[in-house]
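Here are the chains, one letter per residue:
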Amino acid sequence: MTKRANNLSIDAKRLWSDLMETARIGGTAKGGIRRLTLGEEDRRVRDWFRAECESLGCSVHVDEVGNMFAIRPGRNNALPPIAMGSHLDTQPTGGKFDGVLGVLAGLECLRTLHAADYETHAPVMLVNWTNEEGSRFAPAMLGSGVHAGVFDRTYADTRKDGEGVSFAEAIEAISYRGEVGIGSTPIGAMFELHIEQGPILEAEGDTIGVVTGVQGMRWYDVEITGRESHAGSTPMAMRRDALPAAAALVLAVQAAARACPGAVATVGTIAVHPGSRNVIPGAASLSVDLRHPDAGALDGTEAAIEQALAAICAEHGVTGTLTRIWDSPPVPFDPGCIASVRDAAGSLGYRMRDIVSGAGHDAAYIARIAPTAMIFVPCAGGLSHNEAEDASFEDCGAGAQVLLQAVLDYDRR
Ligand code: GLV
Ligand code: MN
Ligand code: MN
Ligand code: MN
């Protein structure tokens, strides 16, 4: 039986069918999605999103960095809209739920309101934020960050992907440079539904995570410089090999995170120059992703990694730099929005718990400019950023129902 709120029930089957239909746009052989920011698949899913929202009578506006805002009028359109939404871009080997669920559940809420001819007090808005993943253009949460004033348009435009294509070139190529000025669309509050991307809800048998905040995240570029030389004729003692130094740093990053309870750190990319079998590597570039709910712990772990890098460089006869390229501090969500989520889940009878997000989300930046909260639902085995990522039909439906009720609860306050 579908659970009801305000006499309005979302249609979980319709939501599921949207999830499966859009999963074909960039669908991979292993059942995931590859829909890189501002690529051809992103254009196709954006076109689909726009058409669906317009068919519900929403006006769809696109801003200068491609953020898409679908607005359903309310009784008092002078009020800033209550927003739902997330992102439609994916990791290179992404799953079917990360981001997409929050957008399509918001669409399902709009459909439910539309079918019931339900008039909200404030307008309700569904947003598709550009480049949440940060995998084609670093950093993550770029579109929501621009909207919140964390980054400016020039910063966004000059981001480059691995092939040297700029954000500006990519957005023009898919014709998604909109007219709406940066940050000019007001937000009264924002609710983002997302899969947990971790194992806690599933392990504890909870259906809903009431997200109280997002942990802090820092990204770094590491450059290690040694000297290229002949693999056959350079004695071991005379080498300045960048790669063993990089390998030692990878282990040092892991050790620094393990030494700080609650910290997680990842070296996700490594490039070796010149990349020839019989040339001793002269340079190595690595990325580091470091996260913790406490800013002081991030400082301490960062310092430990810096010290390790200095010691490794001395030992290997190379030089190294660690550059912080992104810092998203820990974010506490708004007590009023959290209460709307908790009340919604409680009145629907779902098992729930409070949870801090380990992953980054657009809500983390929107929280700087509007009251914000998030809703999590479990994902199988806690697996995400993987083509095998999975979430159940029931949990997706439950999350969408809580989203609708939280929005309506907030609208009534
Ligand atoms: C993006 O999905 C992140 O959490 O890094
Ligand atoms: Mn996501
Ligand atoms: Mn993601
Ligand atoms: Mn994310």
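Residues numbered from 1 in each chain as written. Chains lettered and ligands numbered in written order. Predicted model: local features only at pLDDT ≥ 70, side-chain atom pairs only at ≥ 80, totals over all residues.

Draft legend 1. View of the overall build of the protein chain. When helices and strands are counted, the protein chain shows twelve helices and 16 strands. Here the protein chain holds 413 residues, and the buried ones make up 49% of them. Taking the intrachain contacts of the protein chain between residues at least 6 apart in sequence as the baseline, contacts between residues at least 24 apart amount to 78%. (Helix = DSSP H or I, 4+ residues; strand = E, 2+ residues; numbered from the N terminus. Buried ≥ 20, exposed ≤ 12 C-beta atoms within 10 Å, placed from the backbone. Contact = placed C-beta atoms within 7 Å.)

Draft legend 2. Spotlight on the site of ligand 1. Neighbouring ligand 1 are the residues Glu133, Ala140, Ala359 and Gly360. In the shell around ligand 1, the residues fall into two nonpolar, one polar and one charged. (Near = placed C-beta within 6 Å. Nonpolar A, V, L, I, M, F, W, Y, C, P; charged D, E, K, R; others polar.)

Draft legend 3. Structural context of unusual backbone geometry. Cis peptide bonds are those with omega within 30 degrees of zero, and the linkage from alanine 138 to proline 139 qualifies with 5°. You can see proline 139 is positioned in the loop between β4 (124-128) and α4 (142-147). Of note, the bond from histidine 273 into proline 274 is cis; its omega dihedral lies within 30 degrees of zero at 0°. Its identity as a non-glycine residue notwithstanding, leucine 38 has a phi of 65°, on the positive side. Tracing the sequence through the fold places leucine 38 in the loop between α1 (12-22) and α2 (40-55).

Draft legend 4. Structural detail: the nonpolar core. Core analysis: the largest hydrophobic core is formed by 88 residues, its most contacted members being Cys109, Val341, Ile375, Leu403 and Val407. No other element matches the ten residues that helix α12 (residues 393-412) contributes to this core. Listed in part, the 22 residues of the second largest apolar core include Tyr220, Ala246, Leu298 and Ile305. (Core = buried A, V, L, I, M, F, W, Y, C linked by C-beta atoms within 7 Å.)

Draft legend 5. Expanded view of the UniProt feature "domain: Peptidase M20 dimerisation" (unreviewed entry) in the protein chain. Under the UniProt annotation, "domain: Peptidase M20 dimerisation" (unreviewed entry) lies at residues 213-315. Counted over residues 213-315, helix gives 37% and strand 32%. Its end C-alpha atoms are 41 Å apart. (UniProt positions renumbered as here; feature names shortened; annotations may be inferred.)

Draft legend 6. Seen up close, α2. With 16 residues, α2 extends 23 Å between its outermost C-alpha atoms, agreeing within 8% with the 22 Å of an ideal straight helix rising 1.5 Å per residue. Within α2, burial applies to Glu41, Asp42, Val45, Arg46, Phe49 and Cys53. For α2, the buried positions fall inside an angular range of 135° around the axis, keeping them on one side. Residues Glu40, Ala51, Glu54 and Ser55 are exposed on α2 and point more than 90 degrees away from its buried face. Buried-residue contacts for α2 involve α1, β1 (59-62), β2 (68-72), α3 (100-115) and β4. (Expected span 1.5 Å × (residues − 1). Arc of directions from axis to C-beta.)

Draft legend 7. Helix α8 (residues 242-258), seen in detail. Here α8 is 17 residues long and its end C-alpha atoms lie 25 Å apart, about the 24 Å a rise of 1.5 Å per residue gives. All of the buried residues in α8 are Ala242, Ala245, Ala246, Leu249, Val253, Ala256 and Ala257. Along α8, the residues classed as buried sweep out an arc of 110° about the axis, all on the same side. Away from the buried face of α8 by more than 90 degrees, exposed residues Leu251 and Arg258 are located. Each element contacted by the buried residues of α8 is listed here: β7 (216-225), β9 (264-266), β10 (270-273), β12 (283-292), α9 (295-316) and β13 (319-328).

Draft legend 8. Representation of the packing of α3 against α12 within the structure. At a closest axis distance of 9 Å, the pairing of α3 and α12 adopts a crossing angle of 60°. Overall, the two elements α3 and α12 adopt an arrangement that is oblique. As α3 packs across α12, the resulting crossing turns out to be right-handed. Across from Leu101, Ala105, Gly106, Glu108, Cys109 and Thr112 in α3, the residues of α12 making contact are Cys396, Gly399, Ala400, Leu403, Leu404 and Val407. Across the contact of α3 with α12, the residue classes break down as eight nonpolar, three polar and one charged. (Axes fitted to C-alpha atoms, helices over the stretch in contact; angles between N-to-C directions. Parallel < 35°, antiparallel > 145°, perpendicular 65-115°, else oblique. Left-handed = near helix turned anticlockwise from the far one by under 90°.)

Draft legend 9. Molecular detail of the packing of helix α10 (residues 335-347) against α12. Between α10 and α12, the least distance of the axes is 8 Å, while the angle of their chain directions is 125°. As summarised for this structure, α10 and α12 are arranged oblique, according to the angle between their axes. For the element pair α10 and α12, the recorded crossing hand is right-handed. Two secondary-structure elements touch here, α10 through Cys337, Ser340, Val341, Asp343, Ala344 and Ala345 and α12 through Val402, Gln405, Ala406, Asp409 and Tyr410. Of the residues belonging to the contact of α10 with α12, the class tally is seven nonpolar, two polar and two charged.

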